[in-house]
Amino acid sequence: LLAGRAGGCVPAGRRGVPSRGRLDVRPTGRKFYTGGVGNLRTTPAWRRGFASANLILERHLEDHGDHLRQLGLSVWGTATMRTGGDDIAQALALMGVRPVWATGSQRVDDFEILPLSLLDRPRVDVTLRVSGFFRDAFGNLIRLFDAAVQAVAALDEPDDLNPLAARVRAEREVLLGAGMELEQAARQAGWRVFGAKPGAYGAGVQNAIDGRLWHSRDDLAEVYLNHGGYAYGASDEGTPARAAFAQRLAQVQAVLQNQDNHEHDLLDSNDYYQFQGGMLAAAETLAGTARASYHGDHSQADRPRVRTLKEELNRVIRARALNPKWIDGAKRHGYKGAFELAATVDNLFAFDATTHLIDDHHYQGLADAYVLDPATRDFMREHNPEALRDLTERLLEAQQRGLWQEPGDYRESLEQQLLAGEEDS
């Protein structure tokens, strides 16, 4: 820190997180490097990805009584750097594909398709929505995954055991019937990697939420589709494919996003609701029915867990957002602590707007703990009155939009606190 402040050189360090045992990355806060993208996915990442894939399959079968056959998965570049490729390994495992490492170098240079007899379940048709940073940093993984998709799609297997091949064949015939060239029809039917257009980042949903530029969940789904409707693969580097992206999401049975560490959670980052929340909003809007949503907890590398998204949101709200110890800890940080309280409410509201998984009692708990508790309210009013105002307005907006469905006396109480804050200012 002193060297940096003095204008000296601070050498870059390896990527990773201390909470997953990577003590060699300390001190944190430095620029980091990947250590060679050719080595991704690492063999430990493959083991974790394979294990978590099985957990997803088991949970879906247990919850819904049938095998999972179509999945939408959000993949981030920073997480890929930290884990060595858990997400891509998981996606390949679900399709019934495993990497092949070059002898000696441990570079991934090929893949192997596992036979159905070994899988003992259907292959999963996986659609990826990758982040802009993943697109920029891991073109090799996109090309490898795309090649695996094309190989699985070319297999002569029963439709019910290889839904990817069945879907590609059906869509290819439709495109050929519309007059498209065979090569182009095959490529378009096999698109399974989507992201923002070249040079763009994020999922677009945050701008709509922050600017209140939406009326219904359908609007947020539309934003997500428009922002992420560009195809990537061996022959595509951001080909406009909004209709194909929508077609893929309309067919998924579940959406999934993994979290690789516990140094943050779903409610202290706007990216989680943008990517997974946006995908769920789009999938359910397009299909017209509810879809399963899962959260993969990879924070303990040797013990991955799978929860539903609602279960994970409930856990975060109880363990952090409404935890008096965390609230007291935030108060030690003055202006920034008050900001974190407001950001938690913002992100919870946005998750509700995109997923409809937040209950009234969650809003009530936050209102009681952050606004109606005199000590916390006075702390925010002293250190960051703008955060208190924004937080209160967001809770009222949840009521106005029908997300907080039965606010009862909370509406009047919050309006009174908002008015009192305006008078103080």
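Structure report, in brief. (Residues numbered from 1 in each chain as written. Predicted model: local features only at pLDDT ≥ 70, side-chain atom pairs only at ≥ 80, totals over all residues. Heavy atoms only, no water.)

**Looking at the overall build of the protein chain**
Alright, step 1. In terms of helices and strands, the protein chain carries 20 helices and 12 strands.
Alright, step 2. The C-alpha radius of gyration computed for the protein chain amounts to 23 Å, which stays within 12% of the reference 22 Å derived for 425 residues, consistent with globular compactness.
Alright, step 3. In terms of overall dimensions, the protein chain has a C-alpha envelope of 70 × 55 × 40 Å along the principal axes.
Alright, step 4. In the protein chain, which comprises 425 residues, the proportion classed as buried is 53%.
Alright, step 5. By sequence separation, contacts in the protein chain at least 24 residues apart represent 71% of the contacts at least 6 residues apart.
Alright, step 6. Just so you have it, the protein chain exposes about 18,700 Å², and 49% of that area is on carbon and sulfur atoms.
Alright, step 7. Each charge sign in the protein chain was given a centre, from 49 positive and 59 negative side chains, and these centres are 7 Å apart. (Helix = DSSP H or I, 4+ residues; strand = E, 2+ residues; numbered from the N terminus. Rg over C-alpha atoms; globule rule 2.2 N^0.38 Å. Buried < 20%, exposed > 50% of the residue type's maximum accessible area, 1.4 Å probe, protein only. Contact = heavy atoms within 4.5 Å. Areas by Shrake-Rupley, 256 points an atom, 1.4 Å probe, with all protein chains shown as cover. Lys, Arg positive; Asp, Glu negative; His and termini not counted. Charge placed at Lys NZ, Arg CZ, Asp CG, Glu CD.)

**Some words on the pattern of salt bridges**
Alright, step 1. Inspection of every chain in the model, using the stated rule, returns 27 salt bridges.
Alright, step 2. When the shortest N-O distance is used, the salt bridge between Asp66 and Arg69 registers 3.2 Å.
Alright, step 3. Since its relative accessible area comes to 37%, Asp66 is described here as partly exposed.
Alright, step 4. The exposure class assigned to Arg69 is buried, which follows from its relative accessible area of 18%.
Alright, step 5. With a closest N to O distance of 2.7 Å, Glu284 and Arg217 form a salt bridge. (Salt bridge = Lys/Arg side-chain N within 4 Å of Asp/Glu carboxyl O.)

**Let's talk about helix H13 (residues 270–287)**
Alright, step 1. With 18 residues, H13 should reach 26 Å at 1.5 Å per residue; the first-to-last C-alpha distance of 25 Å fits that figure.
Alright, step 2. In the structure, H13 departs most strongly from a straight axis at Gly277, where the bend amounts to approximately 30°.
Alright, step 3. With respect to burial, H13 is a largely interior element, 13 of its 18 residues being buried.
Alright, step 4. The positive-phi residue at the C-terminal boundary of H13 is Gly288, with phi of around 80°. (Expected span 1.5 Å × (residues − 1). Bend = angle between axes of the 7 residues up to and from the residue.)

**A short note on the sheet that holds strand E12 (residues 305–308)**
Alright, step 1. Ordered by their spatial adjacency, eight strands build an open sheet running E9-E8-E7-E6-E3-E10-E11-E12, and the pairing between neighbours is mixed. Since the sheet does not close on itself, it has two edges, and those belong to strand E9 (236–240) and E12, each with one partner. Shown here is a sheet whose adjacent strand axes are inclined to one another by a mean of 30°, direction ignored.
Alright, step 2. For strand E10 (residues 254–259) and strand E11 (residues 292–297), the ladder comprises six bridges, and the chain directions are parallel. Residue pairing across strands places Val255 opposite Ser293, the latter belonging to E11.
Alright, step 3. Of the strands in this sheet, E10, E11 and E12 touch helix H14 (residues 309–321), which is tilted by about 95° from E12. (Pairing = 2+ DSSP bridges. Axes fitted to C-alpha atoms, helices over the stretch in contact; angles between N-to-C directions.)

**Focus on the side chain of His295**
Alright, step 1. Of note, His295 is situated in strand E11.
Alright, step 2. Under the relative-accessibility criterion, His295 is labelled buried at 1%.
Alright, step 3. Engagement of the side chain of His295 in a polar contact is seen with the side chain of Gln259, the distance being 3.0 Å.
Alright, step 4. Ignoring sequence-local partners within four residues, the contact set of His295 consists of Leu256, Gln257, Gln259, Leu266, Arg305, Val306, Arg307, Thr308, Leu309 and Glu312. (Polar contact = N/O pair within 3.5 Å; in protein donor to acceptor, adjacent residues only side chain to side chain.)

**Observations regarding the packing of aromatic side chains**
Alright, step 1. In total, this model carries 10 aromatic pairs according to the counting rule given.
Alright, step 2. Judged by centre distance (5.7 Å) and plane angle (45°), the rings of Trp46 and Phe50 are tilted. Linking Trp46 with Phe50, this pair stays in helix H2 (residues 43–64), spanning four residues, or about one helical turn.
Alright, step 3. For Phe50, a relative accessible area of 34% puts it in the partly exposed group.
Alright, step 4. Feature note: the residues Trp76, Tyr272 and Phe275 constitute an aromatic cluster, connected by ring pairs. (Phe/Tyr/Trp six-rings, centres within 6.5 Å; stacked < 30°, edge-to-face > 60°.)

**Concerning the side chain of Asp87**
Alright, step 1. In this fold, Asp87 is placed in helix H4 (residues 86–95).
Alright, step 2. Of the side chains bearing the opposite charge, Arg82 lies closest to the buried Asp87, which forms no salt bridge; the N-O distance is 8.3 Å.
Alright, step 3. Engagement of the side chain of Asp87 in a polar contact is seen with the side chain of Asn258, the distance being 2.8 Å.
Alright, step 4. Setting aside its immediate chain neighbours within four residues, Asp87 contacts Leu73, Ser74, Val75, Trp76, Ala79 and Asn258.

**Considerations on the packing of helix H17 (residues 360–371) against helix H19 (residues 385–400)**
Alright, step 1. Where H17 contacts H19, the axes come no closer than 11 Å and their chain directions differ by 160°. By the criterion of interaxial angle, the relationship of H17 to H19 is roughly antiparallel. Remark: the crossing between H17 and H19 carries left-handed chirality. Along the contact surface, H17 presents Tyr363, Ala367, Tyr370 and Val371, while H19 presents Leu388, Leu391, Thr392, Leu395 and Ala398.
Alright, step 2. Partitioned by chemical class, the residues of the contact of H17 with H19 number eight nonpolar, one polar and no charged. (Parallel < 35°, antiparallel > 145°, perpendicular 65-115°, else oblique. Left-handed = near helix turned anticlockwise from the far one by under 90°. Nonpolar A, V, L, I, M, F, W, Y, C, P; charged D, E, K, R; others polar.)

Function cannot be read off these values alone, since they describe shape.
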